[in-house]
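Single-letter residue listing:
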Amino acid sequence: MGPTRLLALVRKEFLALFRDPKSRMILIAPPVLQLLVFSYAATLEVRNVDVMALNRDSGHWGAEFISRIEASPQFHLVQRTDNQAELHQAIDREWVIAAVEIGPDFSRDIEAGSTADLAVILDGRRSNASQIVAGYISSIATGLAAETPAGQRLASVRVGTVARNWFNPNLEFRWFMVPGLVASIAMLVGLLVTSLSIARERELGTFDQLMVSPLRTHEILIGKVVPPILIGFVHITLFILAAVWIFGIPLRGSLLALYGAAFFYLVSLVGFGLFISALAATQQQAILGAFLFLVPAMLLSGFATPIANMPEWLQVLTYVNPLRYFLVIVRGVFLKEIPLAEIVAETVPMAVIAGVTLPAAGWLFRSRLE
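Participant: Give me the lowdown on the packing of helix α3 (residues 60-71) against helix α6 (residues 127-147), citing residues and values where you can.
Facilitator: Contact geometry of α3 with α6 gives a least axis separation of 10 Å together with a crossing angle of 135°. It follows that α3 is oblique to α6 by the angle criterion. The interaxial crossing formed by α3 with α6 has right-handed handedness. For the pair α3 and α6, the contacting residues are Trp61, Glu64, Phe65, Arg68 and Ile69 in the first and Ile137, Ile140, Ala141, Gly143, Leu144 and Glu147 in the second.

Participant: Help me get a handle on the confidence of the model for the chain, residues and values and all.
Facilitator: Residues with a pLDDT of 70 or more make up 82% of the chain, whose mean pLDDT is 80. Of all the helices and strands in the chain, helix α7 (residues 149-154) carries the lowest mean pLDDT, 58, while helix α14 (residues 322-335) carries the highest, 92. In the predicted structure, residues 155-160 sits below a pLDDT of 50 and forms two contacts with residues beyond four places in sequence or in another chain.

Participant: Provide a residue-level description of the packing of aromatic side chains, including the pertinent values.
Facilitator: What the rule picks out here adds up to six aromatic pairs. Ring geometry for Phe65 and Phe106: centres 6.1 Å apart, planes at 45°, overall tilted. Taken together, the residues span a long stretch of sequence, with Phe65 in helix α3 and Phe106 in helix α5 (residues 106-112) at a distance of 41 residues. Side by side, Phe65 and Phe106 carry an identical accessibility label, which is buried.

Participant: I'd like to hear about the nonpolar core, residue by residue, with values.
Facilitator: Core analysis: the largest hydrophobic core is formed by 64 residues, its most contacted members being Ile249, Tyr265, Phe326 and Ile329. It is helix α8 (residues 173-204) that contributes the most residues to this core, 16 residues altogether. Residues within four places of Tyr265 in sequence aside, it is in contact with Ala183, Ala186, Met187, Pro322, Leu323, Phe326 and Met350. Ranked by size, the runner-up nonpolar core spans 20 residues in total, among them Val49, Val51, Phe65 and Phe75.

Participant: Give me the pattern of salt bridges: which residues, what numbers.
Facilitator: Tallied over the entire structure, the rule returns four salt bridges. Arg108 is the partner of Asp105 in a salt bridge, and the nearest nitrogen-oxygen pair spans 3.2 Å. For Asp105, a relative accessible area of 33% gives the class partly exposed. Here Arg108 falls in the exposed class, since its relative accessible area comes to 55%.

Participant: Give a description of α14 that names residues and reports values.
Facilitator: The end-to-end C-alpha distance of α14 is 20 Å, a good match for the 20 Å that 14 residues give at a rise of 1.5 Å each. Of all 14 residues making up α14, twelve are buried, and the element is well covered by its neighbours. For α14, every residue scored as buried is listed here: Pro322, Leu323, Tyr325, Phe326, Leu327, Ile329, Val330, Arg331, Gly332, Val333, Phe334 and Leu335.

Participant: Would you mind going over α6 in detail, with residue names and values included?
Facilitator: Here α6 contains 21 residues, and its C-alpha end-to-end distance of 31 Å stays within 8% of the 30 Å for a straight helix at 1.5 Å per residue. Where α6 is concerned, the buried positions are Ala129, Ser130, Val133, Ile137, Ile140 and Leu144. Projected onto a plane normal to the axis of α6, the buried residues spread over an arc of 100° and lie on a single side. What points out from α6, more than 90 degrees from its buried face, is the exposed set Gln131 and Thr142. Lining the buried residues of α6 we find β1 (49-55), α3, β2 (75-81), β3 (98-102), α5 and β4 (118-122).

Participant: Please provide a residue-by-residue account of the environment of Pro31, values included.
Facilitator: Positionally, Pro31 belongs in helix α2 (residues 21-41). Judged by its relative accessible area of 2%, Pro31 is buried.

What counts as what
One numbering rule holds for all chains: residues counted from 1, following each sequence as written. Selection of residues for local features in this predicted model requires a pLDDT of at least 70, selection of side-chain atom pairs for listing and counting requires 80 or more, and totals for whole chains, interfaces and linings are taken over all residues. To obtain the side-chain values, all non-hydrogen atoms of the structure were used and water was disregarded. Note on definitions: angles span 0 to 180 degrees between N-to-C directions of axes, and those axes are lines fitted to C-alpha atoms, for helices only across the stretch in contact. Secondary structure elements are defined from DSSP: runs of H or I of at least 4 residues count as helices, runs of E of at least 2 residues count as strands, and each element is numbered from the N terminus. Should an angle fall under 35 degrees it is taken as roughly parallel, and over 145 as roughly antiparallel, whereas 65 to 115 is taken as roughly perpendicular and any remaining angle as oblique. Definitions for this section: a left-handed crossing has its near helix turned counterclockwise from the far helix by less than a right angle. A right-handed crossing has that turn clockwise. Contact between two residues is taken to exist if any of their heavy atoms lie within 4.5 Å; hydrogens are not considered. Known as pLDDT, the predictor's per-residue confidence is scaled from 0 to 100. Side-chain rings of Phe, Tyr and Trp (the six-membered ring for Trp) are treated as a pair once their centres are within 6.5 Å; stacked means planes under 30 degrees apart, edge-to-face means over 60, and tilted covers the remaining angles. Accessible area is worked out with a 1.4 Å probe on protein chains only. A residue is then buried under 20% of its type maximum, exposed over 50%, and partly exposed in between. Buried Ala, Val, Leu, Ile, Met, Phe, Trp, Tyr and Cys residues form a nonpolar core when they are joined through side-chain atoms within 4.5 Å. What makes a salt bridge here is a side-chain nitrogen of Lys or Arg within 4 Å of a carboxyl oxygen of Asp or Glu, nothing more. The span one expects for a helix is its residue count, reduced by one, times 1.5 Å. In this description, the arc belongs to the directions extending from the helix axis to the C-beta atoms.

Here it is as structure tokens:
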């Protein structure tokens with residue numbers, strides 16, 4: 001009778017998910033929108049930026065430097081001016097992110113091999129983008145200096161540096177972003193679906209009916225856990241297919257190991273979701289509780305910013321975040337053939353988190369019944 005009752009509850013959960021408009025929207029709309037929007041829009045690359053140039057140099061190299069900035073694919077428009085006040089005004093009013101001022105002796109100094117006068121004014125209000133733009137301009141200036149007569153004379157005594165990018169040869173930012181979306185979208189859907197499960201029963205008035213059924217407490221919990229895990233596997237599969245066949249991202253590691261780690265990842269998320277659902281009295285409270293967990297989990301996962309850059313006291317909080325560990329696994333499986341031992345090392349903390357959150361959710365669930 002136990003397995004039969006459990007299968008009946010799982011079937012009821014699936015029917016409730018696909019019949020309820022709110023739950024159906026959560027299953028379909030956010031995953032599709034996130035995959036389409038984040039894959040193309042969520043990028044730390046800086047492209048199509050506007051700059052302004054003030055050229056006080058009458059020689060060849062000043063004009064050549066501006067021409068190279070205009071030809072660079074990272075820049076959209078190079079506005080020219082002869083007025084320094086207009087240069088400052090463009091930065092103040094955010095018309096451009098950077099302004100370049102070329103000194104009057106730029107061509108003479110660069111041909112002589114001495115330090116050339118080149119000022120770059122950046123908009124510090126956009127600190128990250130400004131630093132990247134400064135790197136673009138510095139790279140163009142370095143390339144220009146190497147082609148001057150003095151630069152060619154010094155080339156024979158310089159040490160040549162050749163950069164080789166492993167795992168992502170062309171530095172495609174989408175190769176870094178899309179595998180992370182596999183983990184983050186699975187977290188969003190799995191957490192929301194689980195958070196709504198018990199809250200939906202309370203709101204619809206079927207929770208008391210569930211309590212007087214022959215099902216035991218642990219069977220109810222298992223019945224609430226199984227559907228989100230299965231749905232999570234479906235979403236992960238769809239996103240893996242999209243990453244490989246639509247975005248052309250290589251899958252170099254073990255797919256079987258990825259699914260094994262995904263099981264513990266989903267179980268740990270379900271534990272958090274059940275805990276939120278047991279606390280919430282309505283579906284609205286469950287959604288708010290889920291987003292209260294989601295936003296810090298995303299920020300503290302290393303999805304967009306390295307964990308090492310965070311304060312040490314904040315890094316401690318990342319150890320209870322399942323997304324932190326699964327991001328390492330999914331990116332490692334996609335971009336490099338991550339060793340099985342490393343996958344196991346990242347999976348063990350997720351198993352520990354699941355071993356804590358699921359009993360805690362069960363305890364809270366039983367305490368709310370008393």
